[in-house]
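Each chain is listed here by its residues.
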Amino acid sequence: MPYLIVVSYAAILGLSVAISGYLSYEGLLRSAHEITLPLVVFLMTIIFSMDATISYFRSTERSYRLPIFIWAVAAFFSIASNFNFLYSNFMKDDVIQSTLAEQITVFRSDIGATRQVLASTETVRFAVEQRTDLKVEFDNLSEQINDPLRPGCGEECRGHMAEIERILGRSVTNLAVPSIGSDSETVSDWYDRYRATAEETLENLLGKTSAPAIFALTRRIDNALLEYDSVARLLANKDGLSALPEMSSLSQDIEREANELLPQGVSVKHETIDPTLGRLGEIVYAFQNGFGEMPNPLATAMSLVIASVIDLLPFLLSFALFGKGRLERSGHKRRERVDRGTIVE
């Protein structure tokens, strides 16, 4: 029976070290990188040898305090890496989705507010008003000159042209204006050239202000709001957490460009998006999430218990199976030393 106990203990110890080694390797891989394998072999060798040493020292009644201390140091790192792997697997999807949802809200709120500030500037309001007024006048002009009963440009048409020139602050062109009764092809050709020239003139005038840059930044914000609109889209198109560095950089760029374009005394401030959030798989972030934020206490507890039992069980068995009086055969009286050099039954 004692031999069976020793063999069973050795088998349990070997399996425990093998399982713990696998979990530790996976748990350290993203932190230790190329030195992961030798580091895990080093830790597992210490744990294996210290478990065996503690068992042997107990059976021979020697002091095992130092082996316990050495085992505890190695076991601490092993349990930590085991916990990292197990907890990361338990919580990976939940943490990724909650992190993305939170940061998408921050991102969209910040750039949406910046868009409103940009749109409220006097430069943008003036440009929008000019474009709107010009469009209205050209729509009216088009309806007037294409009147099937009076095609061409008459008195009312010239009134619209005068309003267009007032909007632009200058004469548009010296092209000949088609008179009443002109054929539709001539009228249409004149209208297209006249409108293109007027719109180009307006854009040239606006180009001397910050309006084009503000409109370009606004379009960039609109594209970002479409691209980063939901967790599902980021998981499908951005590989989940890889979107965080992009969102962080884009938010900072929009903030900087907006502040360069806004008038003096007006500025925007975006909340910083931490690109390291949700990075389970690395020990620091797993402990921060599991014990600091603790979104799921049950997952934390289960991960810690499983991670610890794998290393603790052989250690506890060394106390349960080995020690004074534990491996002697039953039915035999223990020998006692009664005086020097003499042993009696």
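Going by the structure above, here's the rest.
Conventions used here
- Residues numbered from 1 in each chain as written.
- Predicted model: local features only at pLDDT ≥ 70, side-chain atom pairs only at ≥ 80, totals over all residues.
- Heavy atoms only, no water.
- Helix = DSSP H or I, 4+ residues; strand = E, 2+ residues; numbered from the N terminus.
- Rg over C-alpha atoms; globule rule 2.2 N^0.38 Å.
- Buried < 20%, exposed > 50% of the residue type's maximum accessible area, 1.4 Å probe, protein only.
- Contact = heavy atoms within 4.5 Å.
- Areas by Shrake-Rupley, 256 points an atom, 1.4 Å probe, with all protein chains shown as cover.
- Lys, Arg positive; Asp, Glu negative; His and termini not counted.
- Charge placed at Lys NZ, Arg CZ, Asp CG, Glu CD.
- Core = buried A, V, L, I, M, F, W, Y, C linked by side-chain atoms within 4.5 Å.
- Polar contact = N/O pair within 3.5 Å; in protein donor to acceptor, adjacent residues only side chain to side chain.
- Phe/Tyr/Trp six-rings, centres within 6.5 Å; stacked < 30°, edge-to-face > 60°.
- Axes fitted to C-alpha atoms, helices over the stretch in contact; angles between N-to-C directions.
- Parallel < 35°, antiparallel > 145°, perpendicular 65-115°, else oblique.
- Left-handed = near helix turned anticlockwise from the far one by under 90°.
- Nonpolar A, V, L, I, M, F, W, Y, C, P; charged D, E, K, R; others polar.
- Salt bridge = Lys/Arg side-chain N within 4 Å of Asp/Glu carboxyl O.
- Expected span 1.5 Å × (residues − 1).

(A) Examining the overall build of the protein more closely. Helix and strand content of the protein: 11 helices and two strands. The C-alpha atoms of the protein give 40 Å as radius of gyration, which overshoots the globular expectation for 345 residues (20 Å, by more than 25%). Overall, the protein is about 140 × 40 × 35 Å in size when its C-alpha atoms are taken along their principal axes. Across the 345 residues of the protein, 37% fall into the buried class. Put simply, 74% of the contacts in the protein that link residues at least 6 apart link residues at least 24 apart. In the form shown here, the protein has an accessible surface area of approximately 20100 Å², with 57% of it arising from carbon and sulfur atoms. In the protein, 32 positive and 44 negative side-chain charges are present, and the distance between their average locations comes to 15 Å.

(B) View of the nonpolar core. Core analysis: the biggest nonpolar cluster contains 46 residues, and Leu141, Ile164 and Met247 have the highest contact counts within it. Counting 17 residues, the second-largest nonpolar core is a separate cluster that includes Leu28, Val40, Leu43 and Ala74.

(C) Representation of unusual backbone geometry in the model. Phi is positive for Glu61, close to 60°, though the residue is something other than glycine. The residue Met294 is not glycine, and still its phi comes out positive at about 45°. Tracing the backbone shows Met294 in the loop between α10 (283-293) and α11 (297-321). Here Met294 falls in the partly exposed class, since its relative accessible area comes to 33%.

(D) Region of the structure containing the side chain of Ser24. Considering the arrangement of structural elements, one finds Ser24 in helix α1 (residues 2-32). Residue Ser24 is classed as buried on the basis of its relative accessible area of 0%. A polar side-chain atom of Ser24 sits 3.4 Å from a polar atom in the side chain of Ser78. In this view, Ser24 contacts Val40, Met44, Ser78, Ser81 and Asn82; residues no more than four positions away in its chain are not counted.

(E) Focus on the packing of aromatic side chains. Tallying each qualifying case throughout the model produces 15 aromatic pairs. Taken together, Tyr64, Trp71, Phe315 and Phe319 form an aromatic cluster joined through their ring pairs.

(F) Layout of the packing of helix α2 (residues 36-59) against α11. Close contact between α2 and α11 brings their axes to 8 Å; oriented N to C, the two are set at 15°. Here α11 runs roughly parallel to α2, going by the angle between their axes. In terms of crossing hand, the pair formed by α2 and α11 is right-handed. Contacts from Ile47, Asp51, Ile54, Ser55 and Arg58 in α2 reach Asp311, Pro314, Phe315, Ser318 and Phe319 in α11. The class makeup of the residues in the contact of α2 with α11 is five nonpolar, two polar and three charged.

(G) Representation of the environment of Ala11 within the structure. Relative to the assigned elements, Ala11 resides in helix α1. Between the alpha carbons of Ala11 and Asn89 there is a distance of 28 Å; along the sequence they are 78 residues apart.

(H) Structural detail: the pattern of salt bridges. Counted under the stated rule, the structure contains 16 salt bridges. Between Lys269 and Glu255 there is a salt bridge whose closest N-O contact spans 4.0 Å. In this pair, Lys269 is assigned in the loop between α9 (243-261) and α10 and Glu255 in helix α9, connecting sequence segments 14 residues apart. Look at Lys269 and you get exposed, because its relative accessible area is 69%. Overall, Glu255 belongs to the buried group, its relative accessible area being 14%.

(I) Spatial organisation of the environment of Asp93. Assignment of secondary structure puts Asp93 in helix α3 (residues 65-119). Given the relative accessible area of 53%, Asp93 is considered exposed.

(J) Main features of the packing of helix α4 (residues 122-145) against helix α6 (residues 184-206). It is the contact of α4 with α6, at a shortest axis distance of 11 Å, that shows an interaxial angle of 170°. As summarised for this structure, α4 and α6 are arranged roughly antiparallel, according to the angle between their axes. Counted together, Phe126, Ala127, Gln130, Arg131, Leu134, Lys135, Phe138, Asp139, Leu141, Ser142 and Ile145 of α4 and Val187, Trp190, Tyr191, Tyr194, Arg195, Ala198, Glu199, Leu202, Glu203 and Leu206 of α6 form the full contact between these two elements. Its residues placed into classes, the contact of α4 with α6 shows 13 nonpolar, two polar and six charged.

(K) Just the side chain of His160, in detail. Structurally, the position occupied by His160 is in helix α5 (residues 155-168). Once residues within four sequence positions are removed from consideration, His160 is found in contact with Glu137, Asn140, Leu141 and Gln144.

(L) Expanded view of α4. In this model, α4 (24 residues) spans 34 Å end to end at C-alpha, consistent with the 34 Å of a helix rising 1.5 Å per residue. For α4, the full list of buried residues reads Val124, Ala127, Gln130, Leu134, Glu137, Phe138, Leu141 and Ile145. Of the surrounding elements, those touching the buried residues of α4 are α3, α5, α6 and α7 (211-227).

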